[in-house]
Protein chains: 2
Amino acid sequence: MNPTRFASRHSCARISQVAATFALLGGGMSFAAAPPDLDAIRKQVVAQHEASVKRLKDWIALPSIAAEDLNSREGAEYMAELARDAGFQKVEIVQTDGKPGVFAVLDAGAAKTVGLYFMYDVKHFDPSEWSSPPLEARLVDKPGVGKVMVARGAVNQKGPESALLAALHAIRAAKQTIPVNLVLVAEGEEEIGSPHIGQLALRPDVQAALARTIGVFMPSASQDLDGVTVVSLGAKGVVELELVASGEKWGRGPGKDIHSSLKAMVDSPAWRLVKALDTLVSDDGNTVTIDGYPKAPPISAEEKAVVVAAAAKRSEAKAKQQYDVQHWIDDLPWAQANERLVSQPTVNIQGLVGGYTGPGGKTVLPHRAVAKIDMRLVPGMTRDAAVAALKAHLAKRGYGDIEVNVSGGYDPTSTDVNSRLIQAQLALLRRKGLDPVLWPRNAGSYPGFVFTGAPLSLPSAHFGLGHGSGAHAPDEYYVIESSNAAVQGYDGAVMSFVEYLYELAK
Amino acid sequence: MNPTRFASRHSCARISQVAATFALLGGGMSFAAAPPDLDAIRKQVVAQHEASVKRLKDWIALPSIAAEDLNSREGAEYMAELARDAGFQKVEIVQTDGKPGVFAVLDAGAAKTVGLYFMYDVKHFDPSEWSSPPLEARLVDKPGVGKVMVARGAVNQKGPESALLAALHAIRAAKQTIPVNLVLVAEGEEEIGSPHIGQLALRPDVQAALARTIGVFMPSASQDLDGVTVVSLGAKGVVELELVASGEKWGRGPGKDIHSSLKAMVDSPAWRLVKALDTLVSDDGNTVTIDGYPKAPPISAEEKAVVVAAAAKRSEAKAKQQYDVQHWIDDLPWAQANERLVSQPTVNIQGLVGGYTGPGGKTVLPHRAVAKIDMRLVPGMTRDAAVAALKAHLAKRGYGDIEVNVSGGYDPTSTDVNSRLIQAQLALLRRKGLDPVLWPRNAGSYPGFVFTGAPLSLPSAHFGLGHGSGAHAPDEYYVIESSNAAVQGYDGAVMSFVEYLYELAK
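Residues numbered from 1 in each chain as written. Chains lettered and ligands numbered in written order. Predicted model: local features only at pLDDT ≥ 70, side-chain atom pairs only at ≥ 80, totals over all residues. Heavy atoms only, no water.

Focus: the overall build of chain A
When its secondary structure is counted, chain A shows 17 helices and 20 strands. By the compact-globule yardstick of 23 Å for 506 residues, chain A fits well, its C-alpha radius of gyration being 24 Å. Its C-alpha atoms give chain A principal-axis dimensions of about 85 × 45 × 45 Å. Considering only intrachain contacts with a sequence separation of at least 6, the fraction spanning at least 24 residues in chain A is 80%. About 16800 Å² of surface is accessible on chain A, with carbon and sulfur atoms providing 52% of the total. For chain A, the distance from the average position of its 51 positive side-chain charges to the average position of its 55 negative side-chain charges is 2 Å. (Helix = DSSP H or I, 4+ residues; strand = E, 2+ residues; numbered from the N terminus. Rg over C-alpha atoms; globule rule 2.2 N^0.38 Å. Contact = heavy atoms within 4.5 Å. Areas by Shrake-Rupley, 256 points an atom, 1.4 Å probe, with all protein chains shown as cover. Lys, Arg positive; Asp, Glu negative; His and termini not counted. Charge placed at Lys NZ, Arg CZ, Asp CG, Glu CD.)

Right, here's the structure in full:
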């Protein structure tokens, strides 16, 4: 999951009717019978603040990192316990060919059922790059922001997820009725591209439970420091892969690292990688030049208007500061840069690794060089088609020996603006006096395709007030006490989930 | 120093007369008075075998690695002690702006004076890649080779250097006269490109002492497993440098690693590096395409004949096996591949380092990417001209922001085949029934330019029987007891130095 938010209207009204039908199948009518006592719940949220923050802090102390094969079993068990503790009556750890997931159901006897998508894994990290130990979840004063929790997983995604769990605790403590039934799927491989999400979400009984929901949402922190709250209608797809040039596969160059003086008589897999990479993008590095790569559909006038309006509400200066960027691609103005962000597929080099990577030099001719790549996909593209195009492109140019090792990824995902999941967000935010930014498509990615695609074909979205930043980076944080009037702190985030659940029940 | 040997005749008869003049300035005539008792010396070599190998082993246990700022002071002190122990009367540690060197003089009262070039540093290493701990210097049975010492520095260069010191010990123990005076310069920065060798070798008193020599040689292991013994007439030059593309210097792209989804609106320094690298070599990676880069002078008919003759003596199959290579560049036949090795400049990628380099992926857009490069230079080229051409090439193409950080390097070096240093090798080897291969130029590099260039303008070469391999690589080794009749073990290497010194004295 990625905090950069932006979405699209390429979507599918396919869902609302299905959802409406299922809504009729629900159980009790307790919520409909009496409006909730939100003040009582709010008091409980405040009363439980310390306990809720401690719950988050304890969770952060157990990082599950699939890429490092770290604590996945433990993380799934912890997630299961958190769900039980929050009132889910049926909680099961689901084995997959990768890391285990968690499937949980909270039957509130409500008319409607809502799906929740959680991830219990976090991105890997290098503690030496952090100003505060990433697993200690210290509360730190951040000027202009407030008291923030600095930790790996703070905003991506344990902070917002813990706030949703805190909402359930508070409703129960206030002796109010949880207004919707909940179906939770939590995976432990989000940060490696969710390679087994289908084995979790589409296991027959899980799929059947999800099919009863009006849609699936992931708790998030949707407010930025400008006070802009984003409602996103989807996300780009993504493929993560490694391109590997090696003497072994090439049949030229060395099969092991040899002395660099031999370059005069021996071919170089590292140069071969450079030459192959060179063909993938335009000279400025910004336009994908893979043969047969699907072109981005032109951005619609409607989308464009949304992006321009949204850009006007967001501070370009703050974005440049946040990313430490002086110019956008092609020196585009802010609105056009955002259009590009929403609409363009990308091929990005995440990392280059070849030969000697330590300090100084080492006179070797490496037998192997690797480019770590991610490709972002826009509607009309699929993960499989993008990978096939890349492979065909390389083969056509004589680079068929370069390995394309796909480690994860999924198709783009879009949700209808008219779905209850989105309309409830808009209604709630507007009632609170927030003027939400409807965003066509996140440039980042999450595996919403498993919910929005066949066979489930459900709406899928993110929701949650509050703010955080630094996902995948050092000093990731989540606001606990906000000093910015336009941004909610932890208790405000918890209340936003309380109110969203009641709104969804309507 | 690099074990791949090959040299050139591009050179300069400038020296022999100067050397001859200085020879007359020498002291006693003790050697001329009586032929040495080589049998007595040989007995001492055998008697001292265990002590000599232990001396080498103890030296290896103290690795000096300039790139890692490890043990340079300690290594210089150790080197100084080894010199004193071997009979050098004047031994001094010479401070430089980098790591210290050692300057030592052994006055044997001889007519002639010979220079020695040592390095006390070794290449860095990763013990996990070794089959035997690289500092334990274990003796290991190597099929078809014999008992070899596996250690970092075994052949590059402590093994051969220790064998020369053992020769001095043996001559003295046999109560024979050391036949030449010796001037030793030992540096601790060879493996980082000898950035301060001039501050050592050209310090006025050191320069004056060297100027009295008939030339300078470095102990080496010149036999390959085919039993071919190489006499090399020089070495290519080298430049080691890093090319660094960064958002900071470019003014585009991010100033820190940011989320990869932002690639759709932010430029990528990693792509910029790839695009700049692409311009440096031909599509096959084998021809330098840097504008204004000096062209390699055509290989002379004489050099070509030497290379063809030498190639015929050496096993192509063994070379392919040694380097794990199936094809030479352009599928060249063996002799032509060797011609290319001797004659062509190169631009090699030693390493690529950018963004996320750990296991799996990490969705970042890196702010910085680095290519570690070495360029090998042939006669007619200089280090400074090569660097200037590279910088101009990048600037002309708009890549002036890419940093060119030179960490070390030096000009090519050549020595006249008619110099006493070379002729003494040829005479000795032929007398021993070995048919030496005269090689135009090492493809690898060593800082011989400081001796062969102005102001010293001396001959400079390598010499030593024996065999080793794996310099800069895991499982570097040096033969201690040879099971191959065509290759000398440690005692044979020691005796080769004894005999070379007597031959030089003639």
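So, next bit.
Quick word on the pairing of strand 7 (residues 216-219) of chain B
Residue and element names in this part refer to chain B. The two faces of strand 7 match: V216 and M218 on one face and F217 and P219 on the other face are all buried. Of the pairings in the sheet, the one linking strand 3 (residues 113-119) to strand 7 comprises 2 bridges and is parallel in character. Bridge pairing in strand 7 links L116 to F217. Note: strand 7 against strand 18 (residues 460-463), 4 bridges, orientation parallel. Residue pairing across strands places F217 opposite A461, the latter belonging to strand 18. (Buried < 20%, exposed > 50% of the residue type's maximum accessible area, 1.4 Å probe, protein only. Pairing = 2+ DSSP bridges.)

Describing the pairing of strand 4 (residues 138-142) of chain A
Residues and elements named next belong to chain A. In this structure, strand 4 lies alongside strand 5 (residues 146-150), joined through 5 bridges in antiparallel fashion. Considered in strand 5, the bridge of V140 is made with V148. Taking the residues that link successive antiparallel strands as the turn, the strand 4-strand 5 hairpin has 3 residues, and the phi of G144 there is positive, at about 80°.

As for the relation of the copies chain B and chain A
Of the transformation superimposing chain B on chain A, the axial component is 0.0 Å and the angular component is 180°, with the fit at an RMSD of 0.0 Å. Viewed as a symmetry operation, the transformation between the two copies matches a two-fold axis. Same-surface contact between copies: 100% of interface residues of chain B are shared with the interface of chain A. (Least-squares fit on C-alpha atoms with pLDDT ≥ 70 in both.)

Regarding the sheet that holds strand 20 (residues 477-482) of chain A
Residue and element names in this part refer to chain A. Read from one edge to the other, the open sheet built from 4 strands follows the order 4-5-20-19, with strand pairing classed as antiparallel. Every interior strand has two partners, whereas the edge strands, strand 4 and strand 19 (468-469), have only one. Of the pairings in the sheet, the one linking strand 19 to strand 20 comprises 2 bridges and is antiparallel in character. Bridge pairing in strand 20 links G468 to Y478. Contacts from helix 4 (residues 49-60) reach strand 5 and strand 20 within the one sheet, and its direction differs from that of strand 5 by about 30°. (Axes fitted to C-alpha atoms, helices over the stretch in contact; angles between N-to-C directions.)

Thoughts on the packing of helix 11 (residues 301-313) of chain B against helix 13 (residues 334-343) of chain B
All names here are of chain B. Contact geometry for helix 11 and helix 13: axes closest at 9 Å, N-to-C directions at 130°. It follows that helix 11 is oblique to helix 13 by the angle criterion. Of the two possible hands of crossing, helix 11 and helix 13 adopt the one that is right-handed. Between helix 11 and helix 13, the contacting residues are K304, V307, V308 and A311 on the first element and W334, A335, N338, E339 and V342 on the second. Partitioned by chemical class, the residues of the contact of helix 11 with helix 13 number 6 nonpolar, 1 polar and 2 charged. (Parallel < 35°, antiparallel > 145°, perpendicular 65-115°, else oblique. Left-handed = near helix turned anticlockwise from the far one by under 90°. Nonpolar A, V, L, I, M, F, W, Y, C, P; charged D, E, K, R; others polar.)

Some remarks on the confidence of the model for chain A
Residues and elements named next belong to chain A. Per-residue pLDDT for chain A averages 91, and the proportion of residues at 70 or more is 93%. A low-confidence stretch, residues 1-33 (pLDDT under 50), is modelled with 103 contacts involving residues beyond four sequence positions or located in other chains. Across the assembled chains, the prediction reports ipTM 0.84 with pTM 0.83. (pLDDT = per-residue confidence, 0-100.)

Some details on the nonpolar core
Membership of the largest hydrophobic core comes to 73 residues, with the highest contact counts inside it found for F88(B), F217(B) and Y478(B). Top element by residues in this core is helix 17 (residues 490-505) of chain B. It accounts for 11 residues. (Core = buried A, V, L, I, M, F, W, Y, C linked by side-chain atoms within 4.5 Å.)

A closer look at the interface of chain B and chain A
In this complex, chain B contributes 82 residues to the contact, which on the side of chain A involves 82 residues. Counting each side, the surface lost to burial between chain B and chain A is near 7200 Å², with a carbon and sulfur contribution of 55%. Linking chain B to chain A there are 6 salt bridges. A salt bridge links K275(A) to D283(B), with the shortest nitrogen-to-oxygen separation between them at 3.7 Å. (Buried area = accessible area lost by both parts, 1.4 Å probe. Salt bridge = Lys/Arg side-chain N within 4 Å of Asp/Glu carboxyl O.)

Focus: the environment of Y356(B)
With respect to the secondary-structure elements, Y356(B) resides in the loop between strand 12 (346-355) and strand 13 (364-365). Between the C-alpha atom of Y356(B) and that of H367(B), which follows or precedes it by 11 residues, the distance is 11 Å. Apart from residues lying up to four places away in sequence, Y356(B) is in contact with H124(A), Q350(A), G351(A), L352(A), V353(A), K372(A), G361(B), K362(B) and V364(B). Side-chain polar atoms of Y356(B) contact the backbone oxygen of P359(B), separated by 2.6 Å. (Polar contact = N/O pair within 3.5 Å; in protein donor to acceptor, adjacent residues only side chain to side chain.)

Here we look at the packing of aromatic side chains
Using the criterion set out here, one finds 18 aromatic pairs over all chains in the structure. Measuring from ring centre to ring centre gives 6.1 Å for Y478(A) and Y490(A), while their planes differ by 85°; the resulting arrangement is edge-to-face. Placement of Y478(A) in strand 20 and of Y490(A) in helix 17 (residues 490-505) is noted, with a sequence separation of 12 residues between them. With respect to burial, Y478(A) and Y490(A) carry one shared label: buried. Seen in terms of ring centroids, Y410(B) and F449(B) are 5.5 Å apart; in terms of plane orientation they differ by 20°. Their pairing is stacked. On the criterion of sequence distance, the pair formed by Y410(B) in strand 15 (residues 403-410) and F449(B) in helix 16 (residues 449-452) is long-range, its members being 39 residues apart. The buried category is assigned to Y410(B), whose relative accessible area is 3%. Among the aromatic residues, those joined into a cluster by ring pairs are F217(A), F463(A), F497(A) and Y500(A). (Phe/Tyr/Trp six-rings, centres within 6.5 Å; stacked < 30°, edge-to-face > 60°.)

Here's the deal with the side chain of D121(A)
Residues and elements named next belong to chain A. Its place among the elements puts D121 in the loop between strand 3 (113-119) and strand 4. Buried and unpaired, D121 has K123 as its nearest opposite-charge partner, separated by 7.7 Å. At 3.0 Å, the side chain of D121 and the backbone nitrogen of E190 are in polar contact. Excluding residues within four positions of it along the chain, D121 makes contact with S64, E187, G188, E189, E190 and E191.

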